[in-house]
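Summary of the model geometry
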Amino acid sequence: MSAARTEANAGGRWLGLYVLAYLVFLYLPILLIPLFSFNDSIQAAFPLQGFTLGWYETLYGNPALSGALANSLVIGVIAASGATLCGITVSYMDLYGRSPLAATICAVARLPILIPGVIVGISLLILVNLIGLGPSRVAIVLGHILVALPTTVVVMRSRFAAIPKTIREAALDLGASDWTTFRRVMLPLSLPAVLSAFMLAFLISFDEFIVVFFLAGTEPTLPLYIWSQLRFPRSLPIVMALGTVILSVSFIIAGLAEILRHRGLGTARRAAMPA
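An account of the accompanying structure is given in this report. (Residues numbered from 1 in each chain as written. Predicted model: local features only at pLDDT ≥ 70, side-chain atom pairs only at ≥ 80, totals over all residues. Heavy atoms only, no water.)

1. Digging into the side chain of Thr152
The line we're drawing: Segments assigned H or I by DSSP are reported as helices when at least four residues long, segments assigned E as strands when at least two residues long, and all are numbered from the N terminus. When accessible area is computed with a 1.4 Å probe and restricted to protein chains, residues below 20% of their type maximum are described as buried, those above 50% as exposed, and intermediate ones as partly exposed. Whether two residues are in contact is decided by their heavy atoms, any of which lying within 4.5 Å being enough.
Counting through the fold element by element, Thr152 comes out in helix α6 (residues 137–162). According to the relative accessible area criterion, Thr152 is buried, its value standing at 0%. Among all residues touching Thr152, those that are not within four sequence positions of it are Ala83, Thr84, Gly87, Ala197 and Ala201.

2. Some remarks on the packing of helix α3 (residues 63–96) against helix α9 (residues 191–207)
Formally: Lines fitted to C-alpha atoms define the axes here, with helix axes fitted over just the stretch in contact, and angles between the N-to-C directions of these axes take values from 0 to 180 degrees. Roughly parallel here means an angle under 35 degrees, roughly antiparallel means over 145, roughly perpendicular means 65 to 115, and every remaining angle is called oblique. Each crossing gets its hand from how the near helix is turned against the far one by less than a right angle, where anticlockwise is left-handed and clockwise is right-handed. In this classification, Asp, Glu, Lys and Arg are treated as charged, Ala, Val, Leu, Ile, Met, Phe, Trp, Tyr, Cys and Pro as nonpolar, and every other residue, Gly included, as polar.
Relative orientation of the contacting elements α3 and α9 amounts to 135°, with a least axis distance of 8 Å. Classified by the interaxial angle, the pair formed by α3 and α9 is oblique. Note on packing geometry: the crossing formed by α3 with α9 is right-handed. On the side of α3, the interface is formed by Leu69, Ser72, Leu73, Ile75, Gly76, Val77, Ala79, Ala80, Ser81, Ala83, Thr84 and Ile88, while α9 contributes Val194, Ala197, Phe198, Ala201, Phe202, Ser205 and Phe206. Here the residues of the contact of α3 with α9 sort into 14 nonpolar, five polar and no charged.

3. Description of the pattern of salt bridges
Short version of the rule: Here a salt bridge means any side-chain nitrogen of Lys or Arg lying within 4 Å of a carboxyl oxygen belonging to Asp or Glu.
Considering all chains together, one arrives at two salt bridges under this definition. For Arg157, the salt bridge goes to Asp94, with nearest N and O atoms at 2.6 Å. Of the two residues, Arg157 sits in helix α6 while Asp94 sits in helix α3, which places them 63 residues apart along the sequence. Judged by its relative accessible area of 16%, Asp94 falls in the buried class. Measuring nitrogen to oxygen at the nearest pair gives 3.5 Å for the salt bridge that ties Asp178 to Arg168. Taken together, the positions of Asp178 in helix α8 (residues 178–189) and Arg168 in helix α7 (residues 165–173) put the pair 10 residues apart, joining distant regions of the chain. For Asp178, a relative accessible area of 49% gives the class partly exposed. With relative accessibility at 7%, the residue Arg168 sits in the buried group.

4. With respect to the environment of Tyr18
Along the chain, Tyr18 falls in helix α1 (residues 2–37). The class of Tyr18 is exposed, set by a relative accessible area of 57%. C-alpha of Tyr18 to C-alpha of Arg184: the two residues are 166 residues apart in sequence and 49 Å apart in space.

5. A short note on the packing of α3 against helix α11 (residues 222–229)
The contact between α3 and α11 brings their axes to 7 Å, and the two run at 145°. Where α3 approaches α11, its residues Ala64, Leu65, Ala68, Leu69 and Ser72 are matched on the opposing element by Leu222, Pro223 and Tyr225. Residue composition of the contact of α3 with α11, grouped by class: seven nonpolar, one polar and no charged.

6. Structural notes on the environment of Ile33
When you line up the elements, Ile33 lands in helix α1. Its relative accessible area of 29% is what places Ile33 among the partly exposed residues. On a C-alpha basis, the gap between Ile33 and Ala44 in space is 8.9 Å, while along the polypeptide they are 11 residues apart. With residues up to four places along the chain from it excluded, the contact list for Ile33 reads Met240 and Thr244.

7. So, α7
As a reminder of what qualifies: To be clear, the arc concerns the directions from the helix axis to the C-beta atoms.
For α7, the complete set of buried residues consists of Ile167, Arg168 and Ala171. One face of α7 carries all of its buried residues, which in axial projection span an arc of 95°. Of the exposed residues in α7, the ones pointing more than 90 degrees away from its buried face are Lys165, Thr166 and Asp173. Gly175 sits one or two positions beyond α7 and adopts a positive phi of about 100°.

8. So, the nonpolar core
Our working definition: Put simply, buried Ala, Val, Leu, Ile, Met, Phe, Trp, Tyr and Cys residues joined by side-chain atoms within 4.5 Å make one nonpolar core.
One finds Leu215, Leu222 and Leu242 to be the most contacted residues of the largest nonpolar core, which totals 34 residues. Only α2 (54–57), α3, α5 (117–130), α6, α9, α10 (210–215), α11 and α12 (236–272) provide two or more residues apiece to this core. Element by element, the count of residues in this core is highest for α3, at six residues. Of all hydrophobic cores here, the second largest spans 14 residues; its members include Tyr92, Met156, Phe160 and Leu189.

Written out as structure tokens, the structure reads:
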């Protein structure tokens, strides 16, 4: 028994070391971006030449950067709104529609997460050319809705599934219609998850590059602007400064989305408790 416990402890230590090494390999390059963004040199190399905020100062007053940022924000908000609305509808009908068609649509809505981004980008480019849109902001919005839809479906489906079915059944027994039950009961209970899904969809849209690469017209988004600047070695510190800002904002939004998601689960549990 003692030997088995010793072997299990040794296996746990090796597993812990493996996880630690994996996390270092995964996140150390990301942590180097903020570090070099404060380096007073255009070379991303050690030793550091000194501390500076100059690269962050150059981010202000850049018309190309401001235009790309504005495009990303507008496209992100519109695409996140569309993806969240579709995710709410698809996931709710999958759970409560009792229709094979609803289940099929829900399964198809989650497929883009399994398809390589290059394939999605090429397919969307062919589609928008066939319908006459061509590479444009509208095409990017449609592409981002498609890319963000699986996330909103997963978030909202798990949220609706966490709400006890007795709550909906009680509303229906009291004479409420399906629409009234959804609007007055299910949707308010799911509001934290709706906000969480919107935030995650916004992040996906804001950071998406491959789809934008195929569908962007004359108005590039922020990821496309960053990619274009990487061709110039002198722009690398500015790109790292911009990347640091994006990372910080992304972590904050993702953290808020996770807090809202857990708060929504707590609300559902309290609603299910008998008075």
